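# Structural description and commentary
Here is what each chain is made of, one letter per residue.
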Amino acid sequence: MFNEKMKLSSFILFLALVSVISCGDKPKPEVTPWGETIGEDGAPVEQVDSGASKVSLDDIVDAGEMIMLTISGPETYYDYRGHGMGVQYLLCEKFAQKLGVSLRVEVCKDSAEVMKRLADGEGDIAVFSDYSQWKVADAKGNIATELKNWYKPELVAQVKQEMHSMLSIGMVKRHVYPFMLNRKDAVISRYDALFRQYAPVAGCDWTLIAAQCYQESCFDPRAHSWAGACGLMQIMPGTADLLGLSRAQIYEPEANIAAACKYMAQLQGKFSDIPVRGERLKFALACYNGGYHHIRDAMALAKKNGRNPQRWSDVREFVLGLQSPRYYNDPVVKNGYMRGSETVDYVDKIIDRWNQYRGATRGKYGSGVNATPKRSKHKNKWVKEN
């Protein structure tokens, strides 16, 4: 598959996710990340051979960084709200921490590019998902020694549990508030006045912002997630910086809502190619949760497959599709795997809740609660578009 020179320059380590499979009363030996089989006494059974290479452990430590070459996938690596995810990535990260260095990820388009860049000295460790291997170019064999001393079979299960916890909604520290504060008086929350004040900035109905806020934090102004999202609208600190929202104000309800509405306006502006306003709102919501570039990837897939890239009901299918290798490995996809089901669920729940809020508040606020003001083409005054 690869030429002899590349074989000699690579020190092959096989990564197999640890599984204990019963075979009668005698369990099968476990396998380390680099392919060594561990016997019943815990000692390696099969040793691996090292070859010539350009990288040594000292090089990595001196640089203060280990470079991981990989391809996008749910097991290898993907970006989740600005954080790296994937079992193999998290294992590499733990190994890098053991060495006292940072981990940098370089995502390649395929395994051939990974191997070429490894052979060219552009990375220290290569991780694949298709045949579950790690490869490193180990000049002195010290990397292998460190791996053997560091690795414990329970690490894989530990990493999986950590990732599950991080991706769980339970990691958002918040109180749960009722769906509506007062149905009789059509009060959604104690922040309704702020939603009504700043929703025009977002160019949408205030009850949509209320529905989004419920989805993000259940109206808890102190909510925060493991990823660093803060406040009522779960704004990431980096996004807050871009919006001019200071860290000191990030938990303040008015400042947080105002910034989120500004952000929703910016996201809709990124979809000026979508002519229907209602569709733009759905795409903006999807971006708020899943990221702009992933949504553009899904739009490119929709277009390639003969669907309408400007209609959310068509594009949502490919947002879900970005969880499948068939789609996230497609040449038109530039940003790889994403947790598409989470984003689709996010949009669906907000739209459903918005419809309920509109119905519940219509009597109090009139039939135009779902409207955004716009200037009439026929009269020199503002009118409501229903």
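These numbers were taken from a predicted model, which means no experiment stands behind them.

This next bit is on the side chain of aspartate 205. When you line up the elements, aspartate 205 lands in the loop between helix H7 (192–202) and helix H8 (206–217). Put simply, aspartate 205 is tucked away with no salt bridge, and the nearest opposite charge, on arginine 358, sits 5.1 Å away. Within polar-contact distance, the side chain of aspartate 205 engages the side chain of tryptophan 354 at 2.8 Å.

The phi torsion at alanine 186 lies on the positive side, around 60 degrees, for a residue other than glycine. Mapped onto the elements of the fold, alanine 186 is located in the loop between helix H6 (154–167) and H7. Although it is not a glycine, phenylalanine 219 sits at a positive phi angle of roughly 65 degrees. By secondary structure assignment, the location of phenylalanine 219 is in the loop between H8 and helix H9 (237–243).

Inspection of every chain in the model, using the stated rule, returns 15 aromatic pairs. Ring geometry for tyrosine 80 and tryptophan 226: centres 6.2 Å apart, planes at 10 degrees, overall stacked. Residue tyrosine 80 is located in strand E7 (residues 78–80), and its partner tryptophan 226 is located in the loop between H8 and H9; the two are separated by 146 residues in the primary sequence. Overall, the relative accessible area of 10% leaves tyrosine 80 in the buried class. When the ring of phenylalanine 318 is compared with that of tyrosine 327, the centres are 5.6 Å apart and the planes differ by 85 degrees; the resulting orientation is edge-to-face. Here the aromatic cluster, defined as three or more aromatic residues joined through ring pairs, consists of Phe179, Phe195, Tyr214, Phe219 and Tyr357. Between arginine 196 and the ring centre of tryptophan 206, over which it is positioned, the NZ or CZ distance is 5.2 Å. Positioned over the ring face of tryptophan 354 is arginine 358, at 4.2 Å from the centre of the ring.

Let us look at the packing of helix H11 (residues 277–290) against helix H12 (residues 292–304). Helix packing for two helices is described by the angle between their axes and how far apart those axes are. It is at 7 Å that the axes of H11 and H12 come closest, and there the two elements cross at 125 degrees. As judged from the angle between their axes, H11 and H12 are oblique. Contacts between H11 and H12 involve Phe283, Ala286, Cys287 and Gly290 on the former and, on the latter, Tyr292, His294, Ile295 and Met299. By residue class, the composition of the contact of H11 with H12 is six nonpolar, two polar and no charged.

Reading fine detail from the predicted coordinates is not recommended where pLDDT is low. Per-residue pLDDT for the protein chain has a mean of 81; in total, 77% of the residues score no lower than 70. In this model residues 38–52 is a low-confidence stretch, pLDDT under 50, and it forms 30 contacts with partners more than four residues away in sequence or in other chains.

This part takes up H7. The α-helix winds at 3.6 residues per turn, so residues separated by three or four positions along the chain end up facing the same way. Among all positions in H7, only Asp192, Leu194, Phe195, Tyr198, Ala199 and Ala202 are buried. One side of H7 carries all its buried residues, which in axial view fall inside an arc of 135 degrees. On its buried face, H7 sits against H8 and helix H10 (253–269).

So, about the side chain of aspartate 192. Its place among the elements puts aspartate 192 in helix H7. One buried charge, aspartate 192, has no salt-bridge partner; the nearest side chain with opposite charge is arginine 196, at 4.6 Å. Those residues in contact with aspartate 192 that lie beyond four places of it in its chain are Ala186, Val187 and Trp206.

We now examine the nonpolar core. Soluble, globular proteins show a tendency: their nonpolar side chains are buried together. Membership of the largest hydrophobic core comes to 99 residues, with the highest contact counts inside it found for Met66, Phe195, Met233, Ile257 and Tyr357. Broken down by element, this core gets its largest block of residues, eight residues, from helix H3 (residues 87–99). Leaving out residues up to four positions away in the same chain, tyrosine 357 has contacts with Phe179, Met180, Ile188, Thr207, Ala210, Ala211, Tyr214 and Phe219. With nine residues, the next largest nonpolar core counts Ile67, Val114, Leu118 and Phe128 among its residues.

Right, let's talk about the pattern of salt bridges for a bit. Inspection of every chain in the model, using the stated rule, returns 19 salt bridges. When the shortest N-O distance is used, the salt bridge between aspartate 273 and arginine 296 registers 3.0 Å. Separated by 23 residues along the polypeptide, aspartate 273 in the loop between H10 and H11 and arginine 296 in helix H12 bring together distant segments of the chain. The structure contains a network of salt bridges with shared partners spanning Glu65, Arg104, Glu106, Lys109, Glu113, Arg117 and Glu122.

So, about the pairing of strand E6 (residues 65–71). Counting buried residues along E6, six of its seven residues qualify, which places the element largely inside the surrounding structure. Inspection of the sheet shows E6 paired to strand E9 (residues 102–108) by seven bridges, in the parallel sense. Pairing of glutamate 65 across the sheet is with serine 102, part of E9. Sheet analysis places E6 next to strand E10 (residues 125–127), joined by three bridges and oriented parallel. Looking at the pairing, methionine 68 lines up with isoleucine 125 of E10.

Basis of the calculations
- Residues numbered from 1 in each chain as written.
- Predicted model: local features only at pLDDT ≥ 70, side-chain atom pairs only at ≥ 80, totals over all residues.
- Heavy atoms only, no water.
- Helix = DSSP H or I, 4+ residues; strand = E, 2+ residues; numbered from the N terminus.
- Buried < 20%, exposed > 50% of the residue type's maximum accessible area, 1.4 Å probe, protein only.
- Lys, Arg positive; Asp, Glu negative; His and termini not counted.
- Salt bridge = Lys/Arg side-chain N within 4 Å of Asp/Glu carboxyl O.
- Polar contact = N/O pair within 3.5 Å; in protein donor to acceptor, adjacent residues only side chain to side chain.
- Phe/Tyr/Trp six-rings, centres within 6.5 Å; stacked < 30°, edge-to-face > 60°.
- Lys NZ or Arg CZ within 6 Å of the ring centre and 35° of its normal.
- Axes fitted to C-alpha atoms, helices over the stretch in contact; angles between N-to-C directions.
- Parallel < 35°, antiparallel > 145°, perpendicular 65-115°, else oblique.
- Contact = heavy atoms within 4.5 Å.
- Nonpolar A, V, L, I, M, F, W, Y, C, P; charged D, E, K, R; others polar.
- pLDDT = per-residue confidence, 0-100.
- Arc of directions from axis to C-beta.
- Core = buried A, V, L, I, M, F, W, Y, C linked by side-chain atoms within 4.5 Å.
- Pairing = 2+ DSSP bridges.

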